[in-house]
Amino acid sequence: MTVDSARPYELAQWWSEALGWPLVDSEPGDDEVMLGRPDGPPHVLFIQVPEGKTIKNRLHFDVTGTDGATRDQEVERLLALGAKPYEDHRNPDGTGWVTLHDPEGNEFCICRSAAERNA
């Protein structure tokens, strides 16, 4: 998967911290930066493009909490990393998701963990 970016190294670093996936053979200023999925492909490639994001993403990441984190804990963790709130689709019965923006304005969703879905 490839993500267009104004600053690919910085955005890949943010996603590396958000997902816990390592950067692959990259350094600041690179115009292409790979984020390696620990279990193997698919990886995520961030590439530099001259134009900025102008419309809603047609493809986005759905993220769930790791290490037992709930959806709401994961939302708080990612907000602390610098994500921006966008839309809150949580329901009173505990279902639903939250949509956030990464540092370049790309939408992504935080979904309930497997434990929350199976409860």
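Basis of the calculations
- Here the residue index of a chain counts from 1 through its sequence in written order.
- Under the rules for a predicted model, residues below a pLDDT of 70 receive no local features and side-chain atom pairs below 80 are neither given nor counted, while totals for whole chains, interfaces and linings still include all residues.
- Hydrogens and waters are ignored; side-chain quantities use all the structure's heavy atoms.
- Points on a 1 Å grid, built from protein atoms alone, make a cavity when a 1.4 Å probe fits but cannot get out and make a pocket when they are open with protein on both sides within 12 Å along at least 5 of 7 lines; residues with an atom within 4 Å of a point are the lining residues.
- Grid points are joined across faces, edges and corners, and a volume is the space filled by probe spheres set on the points.
- Comment: elements are numbered from the N terminus, with helices defined as DSSP H or I runs of at least four residues and strands as E runs of at least two.
- In this classification, Asp, Glu, Lys and Arg are treated as charged, Ala, Val, Leu, Ile, Met, Phe, Trp, Tyr, Cys and Pro as nonpolar, and every other residue, Gly included, as polar.
- A helix's residues, less one, multiplied by 1.5 Å, set its expected span.
- Under the scheme applied here, a residue whose accessible area is under 20% of the maximum for its type counts as buried, over 50% as exposed, and between as partly exposed, the area being computed with a 1.4 Å probe on protein chains only.
- Whether two strands pair depends on DSSP finding at least two bridges between them.
- Geometry is summarised by axes, namely lines fitted to C-alpha atoms with helices restricted to the contacting stretch, and by angles between N-to-C directions that run from 0 to 180 degrees.
- Whether two residues are in contact is decided by their heavy atoms, any of which lying within 4.5 Å being enough.
- Here, nonpolar core means buried Ala, Val, Leu, Ile, Met, Phe, Trp, Tyr and Cys residues that are tied together by side-chain atoms lying within 4.5 Å of each other.
- When a carboxyl oxygen of Asp or Glu is within 4 Å of a side-chain nitrogen of Lys or Arg, the pair counts as a salt bridge.

Caption draft 1: Expanded view of the layout of surface pockets. One number sums up the size of the largest pocket: a volume of about 490 Å³. Lining the largest pocket are 24 residues, with Val3, Asp4, Lys53, Asn57 and Asn106 sitting closest to its centre. Ranked by residue count, the leading element in the lining of the largest pocket is strand 1 (residues 2–5), at 4 residues. For the lining of the largest pocket, the residue count by class is 9 nonpolar, 7 polar and 8 charged. Volume-wise, the second largest pocket comes out at about 250 Å³. Residue lining of the second largest pocket: 16 residues in total, with Leu19, Trp21, Phe61, Asp62 and Val63 positioned closest to the centre. At the level of secondary structure, the elements contributing two or more residues to the lining of the second largest pocket comprise helix 1 (8–19), strand 5 (61–64) and helix 2 (71–81). Take the lining of the second largest pocket: its biggest share by element is 4 residues, from strand 5. Here the residues of the lining of the second largest pocket are counted per class, giving 8 nonpolar, 4 polar and 4 charged.

Caption draft 2: Just helix 1, in detail. With 12 residues, helix 1 extends 16 Å from end C-alpha to end C-alpha; this agrees with the ideal 16 Å at 1.5 Å per step. The set of residues buried in helix 1 consists of Pro8, Tyr9, Leu11, Ala12, Trp14, Trp15, Ser16 and Ala18. Glycine 20 lies just past helix 1 and shows a positive phi near 80°.

Caption draft 3: Representation of the sheet that holds strand 7 (residues 98–101) within the structure. Spatial strand order, 5-8-7-6: 4 strands in an open sheet with mixed pairing. Taken across any chain shown, the strands that pair with only one partner, and hence form the sheet edges, are strand 5 and strand 6 (84–88). Neighbour-to-neighbour, the strand axes of the sheet open up by a mean angle of 30°, direction not taken into account. The sheet contact formed by strand 6 and strand 7 spans 4 bridges and is antiparallel. By the bridge assignment for strand 7, aspartate 88 is matched with valine 98. Contacting strand 5, strand 6, strand 7 and strand 8 (107–111), helix 2 crosses the sheet at an angle of about 145° to strand 8.

Caption draft 4: Representation of the sheet that holds strand 1. In spatial order, the strands read 1-4-3-2; together these 4 strands make up an open sheet with mixed pairing. Looking at the sheet topology across the chains shown, the edges are occupied by strand 1 and strand 2 (23–24). Pairing geometry for strand 1 and strand 4 (residues 44–48), over 4 bridges, is parallel. Each residue of the ladder has a partner; that of serine 5, found in strand 4, is glutamine 48. With respect to the sheet, helix 1 is in contact with strand 1, strand 2, strand 3 (32–35) and strand 4, its orientation differing from that of strand 3 by roughly 10°.

Caption draft 5: Region of interest: the nonpolar core. One finds Trp15, Phe46, Leu78 and Phe108 to be the most contacted residues of the largest nonpolar core, which totals 21 residues. In contact with tryptophan 15, not counting residues within four places along its chain, are Gly20, Leu35, Phe46, Phe61, Val63, Asp102 and Phe108.

Caption draft 6: Main features of the pattern of salt bridges. Evaluated as defined, the whole model comprises 6 salt bridges. Across the salt bridge formed by glutamate 74 and arginine 77, the nearest N and O atoms sit 2.8 Å from each other. Placement of the pair is glutamate 74 and arginine 77 together in helix 2, with a separation of 3 residues, close to one helical turn. Taking the shortest distance from any N to any O, the salt bridge between aspartate 88 and arginine 90 comes out at 2.6 Å. With relative accessibility at 48%, the residue aspartate 88 sits in the partly exposed group. Residue arginine 90 is classed as partly exposed on the basis of its relative accessible area of 33%. One network of salt bridges, with partners in common, ties together Arg71, Asp72, Asp88 and Arg90.

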